[in-house]
Amino acid sequence: MLEDLTIKDFALIDSVSIEFPRGFTVLSGETGAGKSILIGALSFLLGGKSDAQMIRSGAHEASVSGTFLLGGKSESAESDVPKALQTSPDVEEEAVTAEAWLLQHGIESDDGRVLVRRTLRDSGKSSAWIQSTPVTRADLASFSALLVDIHGQHDHQSLMKVPRHRVFLDARAGITEEVRRFTALYAELVEKRKLLDGLNASSEERSRKIEMYSFAVNEIREAKLKADEDALLSEEEGRLSSYEKLASDIDTIVNMLSDNETSAVSILKQVRRDASHALEMDKTLSDLDSRVESAFYEVSDIAEEFSAYKDKLVYDPARLAEVQERLSLIYNLKKKYASSPSAPLSEVLQYAAEAEENLERLGAGTADKASLEKEAAETERRVYTAAKALSEKRKAAGEAMSKEVESVLAKLGMKGTRFSVRVEEKPGSGAVQKCGPYGMDNVEFLISANPGSPLLPLAQIASGGELSRVMLALKTIFAETDPVATLVFDEIDTGIGGEVAVSVGSHLKNLAKNRQILCITHLASIAVYADNQIKIEKAVSEGKTSSRCRSVSGEERVNEIARMLSGENSSESLEHARSMLERFGGK
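Keep in mind that what you see is a predicted model, and the values were worked out from it rather than measured.

What counts, and at which threshold
- For every chain, the first residue of the written sequence is number 1, and numbering continues from 1 along that sequence.
- It should be noted that, the model being predicted, local features are given only for residues of pLDDT at least 70 and side-chain atom pairs only at 80 or more, the latter also being counted only at that level, while totals for whole chains, interfaces and linings use all residues.
- Side-chain descriptors were evaluated using all non-hydrogen atoms of the structure, hydrogens and water having been removed beforehand.
- The rule for pairing is simple: two strands pair if DSSP sees at least two bridges between them.
- Secondary structure counts use DSSP, requiring at least four H or I residues in a row for a helix and at least two E residues in a row for a strand, with both numbered from the N terminus.
- Helix axes are fitted to C-alpha atoms over the stretch in contact, other axes to C-alpha atoms as well, and angles between N-to-C directions run from 0 to 180 degrees.
- Residue contacts are counted whenever heavy atoms from the two residues lie within 4.5 Å of one another.
- Here's how the labels work: a residue is buried when its accessible area is under 20% of the maximum for its type, exposed when over 50%, partly exposed in between, all with a 1.4 Å probe on protein chains only.
- When the centres of two rings from Phe, Tyr and Trp lie within 6.5 Å, Trp using its six-membered ring, the rings pair. Their planes under 30 degrees apart give stacked, over 60 give edge-to-face, and anything left gives tilted.
- In this analysis the charged atom, NZ for Lys or CZ for Arg, is taken to sit over a ring once it is within 6 Å of the ring centre and within 35 degrees of the ring normal.
- Salt bridges, as used here, are contacts in which a Lys or Arg side-chain nitrogen is within 4 Å of a carboxyl oxygen on Asp or Glu.
- Disulfides are defined as cysteine sulfur pairs within 2.5 Å.
- Working definition of a nonpolar core: buried Ala, Val, Leu, Ile, Met, Phe, Trp, Tyr and Cys residues. They are joined through side-chain atoms within 4.5 Å.
- In this tally, Asp and Glu contribute negative charge and Lys and Arg positive charge; neither His nor the terminal groups of the chain are included.

An order of E2-E1-E4-E5-E6-E7 is seen for the six strands of this open sheet, with the pairing classed as antiparallel. Both edges of this open sheet fall to strand E2 (13–19) and strand E7 (133–135), since each of them pairs with a single strand only. This sheet shows a mean twist of 15° between the axes of neighbouring strands, independent of strand direction. With respect to the sheet, helix H1 (residues 35–45) is in contact with strand E1 (2–10), E2, strand E4 (61–69) and strand E5 (113–121), its orientation differing from that of E1 by roughly 105°. Each of E5, strand E6 (126–130) and E7 touches helix H3 (residues 137–144); the most contacted strand, E5, lies at about 140° to it.

In terms of burial, strand E3 (residues 24–28) is largely enclosed, as five of its five residues are buried. Across the two faces of E3 the burial is the same, with Phe 24, Val 26 and Ser 28 and Thr 25 and Leu 27 all buried. The sheet contact formed by E3 and strand E13 (residues 516–520) spans four bridges and is parallel. Bridging across to E13, Phe 24 finds its partner in Ile 517. For E3 and strand E14 (residues 532–541), the ladder comprises four bridges, and the chain directions are parallel. In the sheet register, Thr 25 faces E14, and the bridge partner there is Asn 532.

Before going further, it helps to spend a moment on the packing of aromatic side chains. Summed over the entire model, instances satisfying the criterion amount to nine aromatic pairs. Summarising the aromatic geometry, the rings of Phe 419 and Phe 445 are spaced 5.7 Å apart at their centres and angled 50° between planes, so their arrangement reads as tilted. Here Phe 445 lies in strand E10 (residues 441–448) and Phe 419 lies in strand E9 (residues 418–425), a separation of 26 residues in the sequence. The exposure class of Phe 419 is buried, given its relative accessible area of 3%. Each ring, one from Phe 445 and one from Phe 478, has its centre 6.2 Å from the other, and the planes form 20°; the classification is stacked. Highlighted residues: Phe 445 in strand E10 and Phe 478 in the loop between helix H15 (464–477) and strand E12 (486–489), separated in sequence by 33 residues. For the pair Phe 445 and Phe 478, one class covers both residues: buried. Taken together through their ring pairs, the aromatic side chains of Phe 168, Phe 419, Phe 445 and Phe 478 make up a single cluster. The ring of Trp 129 carries Arg 117 above its face, with NZ or CZ at 4.0 Å from the centroid. Lying across the ring of Tyr 438, Arg 166 places its NZ or CZ 4.1 Å from the centre.

Another aspect to go through is the pattern of salt bridges. A full pass over the atoms with the stated rule returns 32 salt bridges. We note a salt bridge from Asp 249 to Lys 245, for which the minimum N-O separation is 2.9 Å. A residue pair is termed a helical-turn pair when its members lie 3 or 4 positions apart in one helix, as Asp 249 and Lys 245 do in helix H8 (residues 243–257) at four residues. Taking the shortest distance from any N to any O, the salt bridge between Arg 272 and Glu 293 comes out at 3.5 Å. Separated by 21 residues along the polypeptide, Arg 272 in helix H9 (residues 264–281) and Glu 293 in helix H10 (residues 286–312) bring together distant segments of the chain. For Arg 272, a relative accessible area of 27% translates into the label partly exposed. The network of salt bridges with common partners includes Lys 535, Glu 537, Arg 550, Glu 556, Glu 560 and Arg 563.

Applying the stated criterion across every chain yields a total of zero disulfides. This cysteine, Cys 549, is not joined by any disulfide, and Cys 519 carries the nearest cysteine sulfur, 15 Å off.

Right, let's talk about the nonpolar core for a bit. Counting 55 residues, the largest nonpolar core has Phe 24, Met 401, Phe 489 and Leu 508 as its most contacted members. In terms of residue count, H15 provides more of this core than any other element does, seven residues in total. Among the nonpolar cores identified, the runner-up in size contains 44 residues, and Ile 7, Leu 46, Ala 98 and Ala 128 belong to it.

Relative to the elements of secondary structure, Leu 102 occurs in helix H2 (residues 98–104). Among the residues examined, Leu 102 registers a relative accessible area of 4% and is labelled buried. Between the C-alpha atoms of Leu 102 and Leu 27, which are 75 residues apart in sequence, the distance is 30 Å. Other than its neighbours up to four places away in sequence, Leu 102 contacts Leu 70, Ile 107, Ser 109, Val 114, Ile 130 and Phe 143.

The next point concerns the side chain of Arg 557. Position of Arg 557 relative to the elements: it lies in helix H18 (residues 554–566). Although Arg 557 lies buried, it forms no salt bridge, and the closest oppositely charged side chain, Asp 531, sits 7.2 Å away as judged by the N-O distance. With residues up to four places along the chain from it excluded, the contact list for Arg 557 reads Ala 527, Val 528, Ala 530, Asp 531, Gln 533, Val 552 and Leu 581.

This paragraph deals with the sheet that holds E12. The six strands lie next to each other as E8-E12-E13-E3-E14-E15, forming an open sheet whose pairing is mixed. The open sheet has two edge strands with one neighbour each: strand E8 (148–151) and strand E15 (544–552). Ignoring which end each strand starts from, the neighbouring axes of this sheet average 20° apart. With four bridges connecting them, E12 and E13 associate as parallel partners. Looking at the pairing, Leu 487 lines up with Ile 517 of E13.

Just distances and angles here, no functional claims.
As structure tokens, this is what we get:
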């Protein structure tokens, strides 16, 4: 959930810091006060598009930051997609938790809290961070989509992404785990088909590939490469190549330390003798005498080690030639099997491993083609049967869901709206062509907001208010399975009032039992249902207009509800406001 939001120099907002509690929070204020600017700032923080015109007049940079409390546990960062499907274009983006996303990207939360920050310069350049890690706008949008959905005229809506419709429907139908098992079975079929394709390739092509991979494996094996060997050899080559300079430097060091009467050891020996004599006359010199003695032994030890190093230092042209020959071999192997001669040696070893896998796949003439064809046919039959079973369950769940959504929409002032879950079989023949990693269905949510109008994709709903109410209905249906914790509704009260507004408020309050709800509204009949209320006001200071936000409660909230009811704080409107809060506020 969103715990706080700090905005600086964004549109009409100069500096605002707001805390958002749990439950249902309403944002209210007069028209033009800056309510939509607040949502625009949140959208910008979540990875929305940026424009230098968003920066407050007279400022050079706008910034928005927010703290999010994550509700789940960290999960493995390993992909659940089977290896055989990891390069398939049909595999959808994995639905991971926010915690798992952070784990995948090497970012740690602070006791389950994450700070997200984004800035925009007047040059048009924007920068973003999750915790202290810089991220791209695409990564920011990917992460924030797991935290917040904004419903209205903004882009942060998971339900607007058609590939996600299948995921939501599967969760509603209770077949998510069954779909995972199907994906594993489908991957098994794809792997068998790949093996068959390899076996069915021309014998000449197969022979060429086997020869190429065999040569590579043998060449790399014969080299007997070791991890980081190239780096160690490069260090040794540098040492051997610099023998003359190294020997000269060591010789000078030995000479200065111990090889003559003016050496460091000789001088320290004299100092030690004199210090010992001085100590006999003045016992307060005990510490200094000890330090002189320690220095003498330390320098003597260093001199002996340098001398021993000098005695072992020999010029070995044969070893130098051997090292250079080995480095040349590694360089040529990298040219052949790595991305570049400067690439890590691990790339060569990885190529060898992949070449061995390819040899095994080709079978090197030992694969039993007839047996494999029989296995593939049996797996294909199981895939098709499982896909048909999934399809039937999706269609049944889709029909039931359509009726539920239409029923909720009728209560939200959209009576006569038709909602449909379209479940269509993919085109093609045979299990491989007809099916994909998640079955044989294309799933999409369609809607007709006006009687007589055709069913259209959700994205084609023209009215922001209608779209918000449709999303409210869907979020109500998916309350138990949707992982997004914070929902923002903008323009949800457009074109409604009376009993419909009361119903919308009631729905929002019920949805807030296990979600954080933020809602911009002009209607008191919605606002009174909220657990918390934030008032947005416009003020003029030193000739500049700015928007400010503050939480209202008690009599201040009664006054704000009264203003929303009648535009004034008369005794009648105040009494009406107090009565509505007591009746619907639940406090």
